[in-house]
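Spelled out, the chains give:
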Amino acid sequence: MRLPRRPRLLLPVAIAIVAVVALFFLFAGIYTDYLWYESVDYTAVFSGVVVTQILLFIVGAVLMVGLVGGNMLLAYRTRPMFGPGMFGGTSGADRYRMALDPHRRLIFLIGVVVLALFSGSSFAGQWKTWLEFLNAVPFGEKDAQFGIDLSFFMFTYPFLRMVLNFLFTAVILSAILAAIVHYLYGGFRLQSPGVHASRAARVHLSVLLGVFVLLKAAAYWVDRFGLVFSDRGFVYGASYTDVNAVLPAKTILAFISLICAVLFFAGVVRPGGMLPGAAFGLLVLSAILIGGVYPALVEQFQVRPNQQDREQMYIKRNIEATRKAYGIDKTEVTEYAAKGDASKVSVTTDSSISGVRLLDPNLVAKTYQQKQRIRGYYDFHDPLDVDRYPDASGKMRDTVVAVRELTGPPKEQDNWINRHLVYTHGYGFVAAPGNEVDSQGLPDFDAKDMPVTGSLAERIGLKESRIYFGESPAAPEYVVVGGDRKQGQELDYPESSGTGQQNTTYTGKGGVPVGSFLNRLLYAAKYGETNLLLSGDINDKSKILYERSPQDRIAKVAPFLSLDDNPYPAIVDGKVVWIADAYTTSNSYPYSDSRSLESMTRDTVTDPRLVAQQPRDNINYMRNAVKATVDAYDGTVTLYAWDDKDPILQTWRNVFPGIIKSRSEMPDALKQHLRYPEALFKVQRDVLSRYHIEDPNAFYSGQDFWNVPNDPSSGGHDIKQPPYYLSVKMPNTPEPTFSLTTTFVPRQGPNLAAFMSVDATPGDDYGKLRILRMPSNTTIPGPGQVQNNFQNKFAGQLNLLGLGGAKIRYGNLLTLPFAEGLVYIEPVYVETAASSGQEPYPILRQVLVSYGDKVGFADTLEGALQQVFGDGAQQTRPNDRPDVPVQPSTVLSQAIGEAQKAYDDAQKALTANPPDWTKYGEAQKALKAALDKVKNASTSAATPAPASSATPSPTSSGGPTPVPSGTATPSSLPSPSPSSSS
């Protein structure tokens, strides 16, 4: 049935319109990408990637279509000249041929286009493999088995596998589709007896099968080198069976495949199926016997009964390769008895722990929000970050920092103009010293408010506080800024008094101009927003800012790098910049242990449900090759080669010359804020939990393997404790250095096995991994045991902190080597119940300290240290401030002690024979008086009270009296009554 004339004319027009619209949106996406790269001066990356992808797409599409389509055409043109019935009779193929033959050209063209799209896209997706192969830099090291430079396995081997996979796909598709065409057009018939084929069909398919087997021979030969990635043995890498059975087997199979390929080709000139059949049988039989059975027998009867001896050499290879691949081969391991005597320690003489960071960046984000958010449309990223800034004397100290980011306009005013043209940026840098709080137990902010004020802000000379680029996921995807209006339209910050606001106009160099009609049209198409095209608030000087997350910007300009998921803000030359660590990773380092990056970096800080998966999750090589910065105001992205000896980085610098600056070009002001990256440290500690052992026999037994302990503050969840940034004085070092630290426990048991730190400050010792290994024949409490000891020892005081519905929050349990022992320090926060519509937030109230078998619990760190170390603790006020009052919890503790004593006296009077009712009555009166003190003191404790400071305070010289385990709390003490005192 033919369509009417008009619908037949409209159909091509409709198809053309759809095609034009689709091409326009495709062009809009590509061209706006180019404009973005041009705005950040990285067009070389855009053009390099796009050109490479286009060329690979064309090559892949042409080769695949040429091979597959050519074989289909060959099968059609060599169809039998006497037609499908040349073998006699009819078959089901005739019906299919009659239905398809009239449309064969259209079907062929559609199939070719689909095949070209899929094969071209697949080949283009391998652009990284191609560029690494083309620009490979040698490692200068050879593998242990083949004696070949490691660059072959890192760059060449993946490319060879890519080419072989492509050719295998092409030959298999060619053989299948050619066989279908031969079948449809009578080239062969499936009839009894056997298969009847024309000579052309037989020759054609024999050649294709011969090519397939020839490729199989090449694959066997290349697979020999892939054995260095085998997981057959006890460890990752080629095992005894791989080297002594699989390797020779693959070599033999490669030669057998060559012989079989010759037999298939011989079938071209010799009729009959005997030679191809013999070749096929030989190939299958040899693959089963030589490639499968023989290695299995070697593994079963030679290796398993003597695995430790047979695998010893290969375990050693694995250990050496793994330690090099993860950069842990120079780790310094020191035996550490950790048996310091608290009575012989003078904290005054050795003050290395008096400045320890007490503010927990994973907890105090809510406190920053409540005290420094200013307006509900601002927020701080959770968790906060730890950096170093100078104090008044110029000495660097740990500082908890954040920037005030914009989440968007208030819900009632959430319209397109407000969201994208008015509420365009955050404002302000907020910082507080990590070792000090104010008299209310809150962060003692020395950079705060809007505009930014505070002693730190003055010392560092903050000039630009606007945050147009940040981490907030709630920020608008894009904003339109700038313009030539006399009065700025963008909200800068609210005025301190009244309901007014300060406005501003963006003047940064970042962003894409959207003054032209074309650019506005393209971005309107990109975001599906007609207001971008029609709004009169957008003029010739307006710019659009998008890709506003630091990670997204770095990932776009350096798609060959893996990124740390925790960039942090720093003040550099008066401006806020985001600093991010970028890594070169690979899963192709011979013999190195391959692990999931996500599993190695997972802890209580990086919840895997919230963190995007890395592009290549399994890795066995990692380097912190690049330090990257993003200007928070104009979005400028700068890449610095940090590990310029890394061959992978050198390879990509060959691909994109000039986009990564040398390390020497990094300004000193930036170097002061660099730190050792968390993700790399987490990976290294995971690897070192096993690969601190270098002896193959000890590694095989695994008795000294370690685990990263679970986070004691996680509420019993099976999730690892995160590493902590803090200043630590390691043994035999002159002074504390800013470090990243962690602990280990044995695989079986909660005791402490080792303490590890890395110098996180750029300098001669930057990146030096140090491990203090505990004696295996002694019992030193691990973090979980210390936490339990704290909670049991001070149950009464901790319960009092939770009066009135308050919630106790334990901060980071810090472990530090000190005076030949180990000291544990943990801040305790109280999160008061919500009231008057205000969200609860943590307030630092107490500090717990443990050293050896002694523990302390006080309002300040100094008070807790004095309980542990006695009169050697320092006794000066923070910054000599006399205005720091006594913590009410001290009174609480004393009242609890009196109540406990009265209760004990009453029990003794009752159990006396006969009972002493006079003493019992006196004890009841004392108990009532003590409980009244508890009540009064707990009322004071429910409000923000003076809290700890890592700097000395005379008000905490005594601290609360420790309550023994099992001490009755106020809720368990009997209430006095008139009858009980008679």
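Caption draft 1: Structural context of the overall build of the protein chain. In terms of helices and strands, the protein chain carries 27 helices and 32 strands. Counting over 982 residues, the protein chain shows a buried share of 52%. Here the contacts in the protein chain between residues at least 6 apart in sequence split such that 71% fall between residues at least 24 apart. Carbon and sulfur atoms make up 56% of the accessible area of the protein chain, which amounts to about 43,700 Å² in all.

Caption draft 2: How the structure looks around the sheet that holds strand E15 (residues 542–546). Spatially, three strands are ordered E11-E15-E14 in an open sheet, and the strand pairing comes out antiparallel. The outermost strands of the open sheet, each flanked by one partner alone, are strand E11 (478–482) and strand E14 (512–513). By the bridge criterion, five bridges tie E11 to E15 in an arrangement that is antiparallel. By the bridge assignment, valine 480 is partnered in E15 with isoleucine 544.

Caption draft 3: The arrangement of the packing of helix H11 (residues 312–325) against helix H21 (residues 678–691) in detail. Two numbers describe how H11 lies on H21: the axes approach to 11 Å, and their chain directions differ by 155 degrees. Between H11 and H21, the angle is such that the two are roughly antiparallel. In this structure, the crossing between H11 and H21 has a hand that is left-handed. Contacts between H11 and H21 pair Asn318, Ile319, Thr322 and Arg323 from the former with Val687, Leu688 and Tyr691 from the latter. By residue class, the composition of the contact of H11 with H21 is four nonpolar, two polar and one charged.

Caption draft 4: Structural detail: the environment of glycine 233. Mapped onto the secondary structure, glycine 233 falls in the loop between helix H7 (199–226) and helix H8 (240–266). A relative accessible area of 18% places glycine 233 in the buried class. Setting aside chain neighbours within four positions, we find glycine 233 in contact with Ser239 and Glu311.

Caption draft 5: Spotlight on the nonpolar core. In this structure, Tyr42, Phe429, Tyr523, Leu532, Ile544 and Leu639 are the most contacted members of the largest nonpolar core, which totals 148 residues. A per-element tally of this core places helix H6 (residues 150–184) first, with 13 residues. Other than its neighbours up to four places away in sequence, isoleucine 544 contacts Tyr478, Val479, Val480, Gly511, Val512, Val514, Tyr523 and Tyr527. Within the second largest apolar cluster, 61 residues are counted, among which are Ala365, Leu814, Val823 and Val855.

Caption draft 6: Structural context of the packing of aromatic side chains. Going through the model one piece at a time under the given rule, you end up with 49 aromatic pairs. For the pair phenylalanine 146 and phenylalanine 225, a centre-to-centre distance of 5.0 Å together with 55 degrees between the ring planes defines the contact as tilted. Highlighted residues: phenylalanine 146 in the loop between helix H5 (127–134) and H6 and phenylalanine 225 in helix H7, separated in sequence by 79 residues. Phenylalanine 146 sits in the partly exposed class, given a relative accessible area of 21%. A relative accessible area of 13% means that phenylalanine 225 is categorised as buried. Cluster of aromatic residues (ring-pair linked, three or more members): Phe27, Tyr31, Tyr34, Trp36, Tyr37 and Phe46. Arginine 224 extends its terminal NZ or CZ atom over the ring of tryptophan 221, reaching a point 3.9 Å from the ring centre. Above the plane of the ring of tryptophan 642 lies lysine 627, whose end atom (NZ or CZ) is 5.5 Å from the centre.

Caption draft 7: Representation of empty space enclosed by the protein. Following the criterion strictly, the structure yields nine cavities of 30 Å³ or more and no others. What the largest cavity holds in volume is close to 150 Å³. The wall of the largest cavity is formed by 15 residues, among which Pro361, Asn362, Glu678, Pro723 and Tyr725 lie closest to the centre. Every element with two or more residues in the lining of the largest cavity is listed here: strand E5 (385–390) and strand E24 (724–728).

Caption draft 8: Spotlight on the side chain of arginine 404. Within the secondary structure, arginine 404 is located in the loop between strand E6 (396–403) and strand E7 (405–406). Within polar-contact distance, the side chain of arginine 404 engages the backbone oxygen of glutamine 372 at 2.7 Å.

Caption draft 9: The arrangement of the sheet that holds strand E9 (residues 429–433) in detail. The three strands lie next to each other as E5-E6-E9, forming an open sheet whose pairing is antiparallel. The sheet is open, and its two borders are formed by E5 and E9, each paired with just one other strand. Averaged over all pairs of adjacent strands, the angle between their axes in this sheet comes to 45 degrees, without regard to strand direction.

Caption draft 10: Region of interest: a nonpolar patch on the surface. There is a patch of nonpolar side chains on the surface, built from Phe280, Val284, Leu285, Ile288, Leu289, Val293, Leu297 and Phe301 and spanning about 760 Å² of accessible area. Within the secondary structure layout, valine 293 lies in helix H9 (residues 274–303).

Caption draft 11: Molecular detail of the side chain of serine 588. Here serine 588 is to be found in the loop between strand E18 (575–586) and strand E19 (595–596). The contacts of serine 588, once residues within four sequence positions are left out, are Phe153, Met154, Pro158, Phe229 and Asn620.

Caption draft 12: Here's a closer look at the environment of leucine 209. Along the chain, leucine 209 falls in helix H7. For the pair leucine 209 and alanine 261, spaced 52 residues apart in sequence, the C-alpha to C-alpha distance is 7.8 Å.

Caption draft 13: Structural detail: the pairing of E24. With respect to burial, E24 is a largely interior element, four of its five residues being buried. Here five bridges tie E24 to strand E25 (residues 737–746), and the two strands are oriented antiparallel to one another. Residue tyrosine 725 lies in a different strand from E25, and its bridge partner there is leucine 740.

Caption draft 14: Region of the structure containing the pattern of salt bridges. Inspection of every chain in the model, using the stated rule, returns 26 salt bridges. One salt bridge connects aspartate 446 with arginine 459, and the closest N-O pair in it is separated by 3.9 Å. Of the two residues, aspartate 446 is situated in the loop between E9 and helix H14 (455–460) and arginine 459 in helix H14; the sequence distance between them amounts to 13 residues. On the basis of relative accessible area, aspartate 446 is assigned to the buried category, the value being 7%.

Caption draft 15: Looking closely at H11. With 14 residues, H11 extends 20 Å between its outermost C-alpha atoms, agreeing within 8% with the 20 Å of an ideal straight helix rising 1.5 Å per residue. Listed in full, the buried residues belonging to H11 are Tyr314, Ile315, Arg317, Asn318, Ile319, Ala321, Thr322, Arg323 and Ala325. Looking at the buried side of H11, the elements it contacts are H8, helix H10 (307–310), strand E21 (621–631), H21 and helix H22 (696–701). Phi turns positive, to about 70 degrees, at glycine 327, one or two residues after H11.

Caption draft 16: View of the confidence of the model for the protein chain. The share of residues in the protein chain with pLDDT of 70 or more is 86%, and the mean pLDDT across the chain is 86. Counting interchain partners and residues more than four positions distant, the pLDDT-below-50 stretch residues 608–615 has eight contacts. Confidence drops under a pLDDT of 50 for residues 941–982, and excluding neighbours within four residues, the segment shows 127 contacts in the predicted structure.

Caption draft 17: Seen up close, the packing of helix H2 (residues 43–77) against H5. Relative orientation of the contacting elements H2 and H5 amounts to 100 degrees, with a least axis distance of 10 Å. Between H2 and H5, the angle is such that the two are roughly perpendicular. Residue-level contacts link Val49, Thr52, Gln53 and Leu56 of H2 to Trp127, Trp130 and Leu131 of H5. Residues of the contact of H2 with H5, tallied by class, amount to five nonpolar, two polar and no charged.

Caption draft 18: Structural view of the environment of serine 122. Tracing the chain through its elements places serine 122 in helix H4 (residues 104–124). Through-space distance from the C-alpha of serine 122 to that of glycine 60 is 7.9 Å; in sequence the pair is 62 residues apart.

Caption draft 19: Quick look at unusual backbone geometry. Cis geometry is found at the peptide bond from aspartate 382 to proline 383, where omega equals 5 degrees. For proline 383, the position within the fold is in the loop between strand E4 (378–379) and E5. One non-glycine residue, glutamate 547, lies in the positive phi region at around 50 degrees. Since its relative accessible area comes to 26%, glutamate 547 is described here as partly exposed. You will see that alanine 819, though not glycine, has its phi angle at about 50 degrees, which is positive. Alanine 819 gets classed as partly exposed once you look at its relative accessible area, which sits at 31%.

Parameters at a glance
- Residues numbered from 1 in each chain as written.
- Predicted model: local features only at pLDDT ≥ 70, side-chain atom pairs only at ≥ 80, totals over all residues.
- Heavy atoms only, no water.
- Helix = DSSP H or I, 4+ residues; strand = E, 2+ residues; numbered from the N terminus.
- Buried < 20%, exposed > 50% of the residue type's maximum accessible area, 1.4 Å probe, protein only.
- Contact = heavy atoms within 4.5 Å.
- Areas by Shrake-Rupley, 256 points an atom, 1.4 Å probe, with all protein chains shown as cover.
- Pairing = 2+ DSSP bridges.
- Axes fitted to C-alpha atoms, helices over the stretch in contact; angles between N-to-C directions.
- Parallel < 35°, antiparallel > 145°, perpendicular 65-115°, else oblique.
- Left-handed = near helix turned anticlockwise from the far one by under 90°.
- Nonpolar A, V, L, I, M, F, W, Y, C, P; charged D, E, K, R; others polar.
- Core = buried A, V, L, I, M, F, W, Y, C linked by side-chain atoms within 4.5 Å.
- Phe/Tyr/Trp six-rings, centres within 6.5 Å; stacked < 30°, edge-to-face > 60°.
- Lys NZ or Arg CZ within 6 Å of the ring centre and 35° of its normal.
- 1 Å grid on protein atoms, 1.4 Å probe; cavity = no way out; pocket = protein on both sides within 12 Å on 5 of 7 lines; lining within 4 Å.
- Points joined across faces, edges and corners; volume = space filled by probe spheres on them.
- Polar contact = N/O pair within 3.5 Å; in protein donor to acceptor, adjacent residues only side chain to side chain.
- Patch = residues over 30% accessible without salt bridge, like charges linked within 9 Å, V, L, I, M, F, W, Y side chains within 5 Å.
- Salt bridge = Lys/Arg side-chain N within 4 Å of Asp/Glu carboxyl O.
- Expected span 1.5 Å × (residues − 1).
- pLDDT = per-residue confidence, 0-100.

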